[in-house]
Protein chains: 2
Amino acid sequence: MAGGQTKKAGGEGKKGGGETKKGNANAGGGGKKKEVKKETGLGLSYKKDENFGEWYSEVVVHGEMIEYYDISGCYILRPWTMSIWEAMQEFFDAEIKKLKIKNCYFPLFVSPTVLQKEKEHVEGFAPEVAWVTKSGQSDLEVPIAIRPTSETVMYPYYSKWIRGHRDLPLKLNQWCNVVRWEFSNPTPFIRSREFLWQEGHTAFATKAEADEEVLDILELYRRVYEEYLAIPVIKGKKSELEKFAGGLYTTSVEAFIPNTGRGIQGATSHCLGQNFAKMFEINFEDEKGEKAMVWQNSWAYSTRTIGVMVMVHGDDKGLVLPPKVAAVQVIVIPVPFKDADTQGIFDACTSTVNTLTEAGIHAEADLRDNYSPGWKYSHWELKGVPLRIEIGPRDLANSQVRVVRRDNSAKVDIPMASLVEQVKDLLVTIQKSLYDVATQKRDACIQKVTTWDEFIEALGQKKLILAPWCDEEEVEKDVKARTKGEMGACKTLCTPFEQPDLPEGTLCFASGKPAKKWSYWGRSY
Amino acid sequence: MAGGQTKKAGGEGKKGGGETKKGNANAGGGGKKKEVKKETGLGLSYKKDENFGEWYSEVVVHGEMIEYYDISGCYILRPWTMSIWEAMQEFFDAEIKKLKIKNCYFPLFVSPTVLQKEKEHVEGFAPEVAWVTKSGQSDLEVPIAIRPTSETVMYPYYSKWIRGHRDLPLKLNQWCNVVRWEFSNPTPFIRSREFLWQEGHTAFATKAEADEEVLDILELYRRVYEEYLAIPVIKGKKSELEKFAGGLYTTSVEAFIPNTGRGIQGATSHCLGQNFAKMFEINFEDEKGEKAMVWQNSWAYSTRTIGVMVMVHGDDKGLVLPPKVAAVQVIVIPVPFKDADTQGIFDACTSTVNTLTEAGIHAEADLRDNYSPGWKYSHWELKGVPLRIEIGPRDLANSQVRVVRRDNSAKVDIPMASLVEQVKDLLVTIQKSLYDVATQKRDACIQKVTTWDEFIEALGQKKLILAPWCDEEEVEKDVKARTKGEMGACKTLCTPFEQPDLPEGTLCFASGKPAKKWSYWGRSY
């Protein structure tokens, strides 16, 4: 989690445009009943293609996911966000329980001596650590750190709990908040001073078991992104420069934001090797009665996932939520007409919601009488609800509903008789379509290069660059130095597990030395 | 949340007896296989009746619920604890969602100006607030507080989000950690510097709606205690002296620990009235177009619940877990015999676990070959597993299992044919029996008094005292002053909603003035 985050697009510039426009029920509205609102400027001020950073800030605020907070870099996660977080959590928590990983909760605080035990590790985090020095009016005897991650919090106790080979594997996870007091460019979800995550910490008797788990967990992260958030990710290994501070190797799932041409580390699964075990003396007596050291992993994904989802799927109308994580999958809106049977239409809306709800679909009706249907369409589009159902006099007469997709605005009339079946199909279709479209856009950005000139050209075109590399740390440092500019340096994102052919004699794009592998390069968040 | 916690029994004296005995697989054991351990002093050193405080510390550590941490007042919640917390959370979270309460997440940090906005409120918390003053090597411009509770964190945004009557009610909840840097007697679960809780914060247009919700939530808290933790609680209202700082009135569920004769506030549901609304300017335009102020509630329960569970049900053998919250409800132990069919017995254990698991019962087998059956019995009794199943040669021959209850040691043989049915029944019976026994013990401690002499005598006998009271704050202060001693002062626990008859002319036990109500008095945690 330490490496891999140096620059961003997006950020706090706009703070949601000063006073937030309220997408909520009575936004800026008076109490005068029945005074139907016309279109009231619900649209976003910025376009995704033109001003991505401002667009992002606006969409997370106006979509009611985030509220900016009076402490910079801290954000309020509103219910619209939390239901997405909870949907992912429900999946992931059940999966790790199948792997016999158990939940625990370690303290928020860590004492300085313990925090500083693993030098390389602490150097990665030290500048960002928040320190508590006072309680009430009194100074603490010793300042106490707030966890930026929990390796040093937990491992002294792993040392205590693990004695013999039968105590292994020890597999724990916690869902918690962590604090990294970063000063550069706070951005909702993507880079915040406090964020929510899960962190898994496991210890094994053998490296083989640790290696296997690293990939098991990485596969779950892929599923979170691809199956839940409908975002394609690349599985691979981090370079030595970009790996977790103090660990042996880091694997990750990497996403890509076409609009900014930046990669984004989606989640990481680290093999820590025996480095922490050595520092924290996590030893055990093996089956032969000999003293051995454990092999450890740690792995995490955070609320950053949600920011990636907004960036990838959102459009100029607002958020676009994948059905599998949407708190409201279907919004039902009455479209009354002057002389029509208004009560009949409202009743049909309610009964449609009931029918869908009974079938396990998250459906709600917006029956407010002080907003026009058009205003409601815009409002729920802004919030990214996957499907809109409109019911008007003609629908009532024909025992049908009109269904409109958020992702592509496609409209279709569905007979009430097959409502549940067709809505279910549509939700599956939308989920798949979001993933397919995102994959097409991402793939269109992938550029294979073999020379430095091609590399620089591709970088200028905001590509996700796949290049043959000699795998030398000095060369990566050199590339970073040579590309350092306004947009931020380019670095390795990962070496993908899926490797193209590397013909004998292929040379590194940057050093001209023999290439050892294909790696992805790019600017990143 | 502020009031009501002044003294305790239990605490940090022993830190789990120095080096923790490991209840885990290979406790202090070598790697030599098949060397069956004899009884290895798994028993507790302290008895619940003789040295309650040491017994409590020992049982939470040896039962593997808690590990003491190197920062005083912070504790590690181990998986055995977290599964209890999650069982309660699953229930409570589903129930509040039915009430249309939505989850959110507000920041851990609060700026000093906002924290100090409501004077009375902040005075209740100020001495316990932890302050962050540094990040990395730099001093922060302004120190930042860590939330002790989130009224002041949230309400500035309630003011922003609520404009018209259609924005109401606003009903949010969050599951999070809070920090109160208390200096007196830290005790695992009961009084810790960081703890987990949920905090609900709601705003309504009318006092009637707020009043109704206070009781709806209190009923859920009663159900958490009575239905899940099998602990009887008393619903009632706190005195003016003991209510939430800055609120209008506080209701609570109160539990009682017979061994120490102390009451313990189980959870609180506060009506905040309009005090915070005034300070944070949470106004709305009502249906008549007039400006009005909201009515607010806040309510919370914490990991303290788990400490109460340990104190109420635990015994000299260790923890006793109610089946509804136990991570393992049934532990299956093979009892091989010299010439018996060991493999057959082990297979029967595995198939028993499978049968129970398929029926939705949390069952596990302890097939370790380096511990004797007797050691395993003690181990799982220490951990409080509700039911033990033993399978030996005779059981195998008779197609039966022997079942032993943790709560009362009752043994019964169950034919395999009716295993699931009878185990399910037994778990229900144990849950009910724990509640009944706890209620009998609690009720045996309730003492009705009408005079000061009776009151003092009952207090000496560690009773839960029900006394007629004039309901004057000065009188409660006077009682506290007069009873201040080594054991801590006596105060009101609550005025129960269920009031005994109060005949005309009844006088206050303490002041001799006319009594207005019956209230519970006692020492408390």
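Residues numbered from 1 in each chain as written. Chains lettered and ligands numbered in written order. Predicted model: local features only at pLDDT ≥ 70, side-chain atom pairs only at ≥ 80, totals over all residues. Heavy atoms only, no water.

## Brief notes about the relation of the copies chain B and chain A
In this arrangement, two copies of a chain are superimposed by a rotation about an axis accompanied by a shift along the axis. Under the fitted operation, chain B is carried onto chain A by 0.0 Å of movement along the axis and a turn of 180°, and the coordinates agree to an RMSD of 0.0 Å. In symmetry terms, the pair is related by a two-fold rotation axis. The position closest to the rotation axis in chain B is occupied by the C-alpha of V132 of chain B, lying 2.1 Å away. When the interface residues of chain B are mapped onto chain A, 100% of them again fall at the interface, so both copies present the same face. (Least-squares fit on C-alpha atoms with pLDDT ≥ 70 in both. Contact = heavy atoms within 4.5 Å.)

## Here's the deal with the interface of chain B and chain A
Accessible area lost on assembly of the parts is the figure often given for the size of an interface. Facing 71 residues of chain B, the contacting portion of chain A comprises 71 residues. When the two sides are added together, the surface that chain B and chain A hide from each other amounts to roughly 6,200 Å², 55% of it contributed by carbon and sulfur. Summed over the shared surface of chain B and chain A, the number is six salt bridges. The partner of D369 of chain B in a salt bridge is R166 of chain A, with the nearest N and O atoms 3.4 Å apart. At the boundary of chain B and chain A, one finds 32 residue pairs in polar contact (both at pLDDT 80 or more). Of the residues forming the side of chain B that touches chain A, the biggest block, six residues, is contributed by strand β5 (residues 130-135) of chain B. Grouping the amino acids of the side of chain B that touches chain A by side-chain chemistry returns 36 nonpolar, 15 polar and 20 charged. Pairing of strand β5 (residues 130-135) of chain A with β5 of chain B involves five bridges; the strand directions are antiparallel. Note that in β5 of chain B the partner of V132 of chain A across the bridge is V132 of chain B. (Buried area = accessible area lost by both parts, 1.4 Å probe. Salt bridge = Lys/Arg side-chain N within 4 Å of Asp/Glu carboxyl O. Polar contact = N/O pair within 3.5 Å; in protein donor to acceptor, adjacent residues only side chain to side chain. Helix = DSSP H or I, 4+ residues; strand = E, 2+ residues; numbered from the N terminus. Nonpolar A, V, L, I, M, F, W, Y, C, P; charged D, E, K, R; others polar. Pairing = 2+ DSSP bridges.)

## Describing the sheet that holds strand β15 (residues 330-334) of chain A
All names here are of chain A. The strand order across the open sheet built from five strands is β16-β15-β17-β18-β19, with neighbouring strands paired in mixed fashion. The open sheet has two edge strands with one neighbour each: β16 (363-365) and β19 (411-415). Between one strand and the next, the sheet's axes are offset by a mean angle of 25°, whatever the strand orientation. Where strand β18 (residues 400-405) meets β19, five bridges bridge the pair, whose relative direction is antiparallel. Bridged to V404 within β19 is K411. (Axes fitted to C-alpha atoms, helices over the stretch in contact; angles between N-to-C directions.)

## Looking at the pairing of strand β6 (residues 138-146) of chain A
Side chains on a regular strand alternate between the two faces of the sheet. Residues and elements named next belong to chain A. Relative to β6, strand β4 (residues 109-110) is paired through two bridges, and the arrangement is antiparallel. Each bridged residue has a counterpart across the sheet, and for V110 the counterpart in β6 is A145. One ladder, built from four bridges, connects β5 with β6; its direction is antiparallel. Residue pairing across strands places W131 opposite A145, the latter belonging to β6. Hairpin connection between β5 and β6: a loop of two residues separates the two successive antiparallel strands, and G136 in this loop has a positive phi of roughly 55°.

## Notes on the packing of helix α9 (residues 342-358) of chain B against helix α12 (residues 419-445) of chain B
Residue and element names in this part refer to chain B. Their axes nearest at 10 Å, the elements α9 and α12 cross at an angle of 65°. When the interaxial angle is binned, α9 and α12 end up roughly perpendicular. When the axes of α9 and α12 are compared, the crossing they make is right-handed. From α9, T352, T355 and L356 reach across to α12, where they touch L419, V420 and V423. (Parallel < 35°, antiparallel > 145°, perpendicular 65-115°, else oblique. Left-handed = near helix turned anticlockwise from the far one by under 90°.)

## Comments concerning the environment of W380 of chain A
Along the polypeptide, W380 of chain A turns up in helix α10 (residues 373-382). In the structure, W380 of chain A is positioned 49 residues away from I331 of chain A in sequence and 7.5 Å away in space, judged by C-alpha atoms.

## A look at the domain arrangement of chain A
Residue and element names in this part refer to chain A. Domain parsing of chain A yields domain 1 (79-313), domain 2 (323-442) and domain 3 (446-524). Using only C-alpha atoms to locate each centre, domain 1 and domain 3 end up separated by 27 Å. At the junction of the two partners, domain 1 supplies 20 residues and domain 3 supplies 19 residues. Carbon and sulfur atoms supply 60% of the area buried between domain 1 and domain 3, which totals about 1,700 Å² over both sides. (Domains from an automatic or database assignment.)

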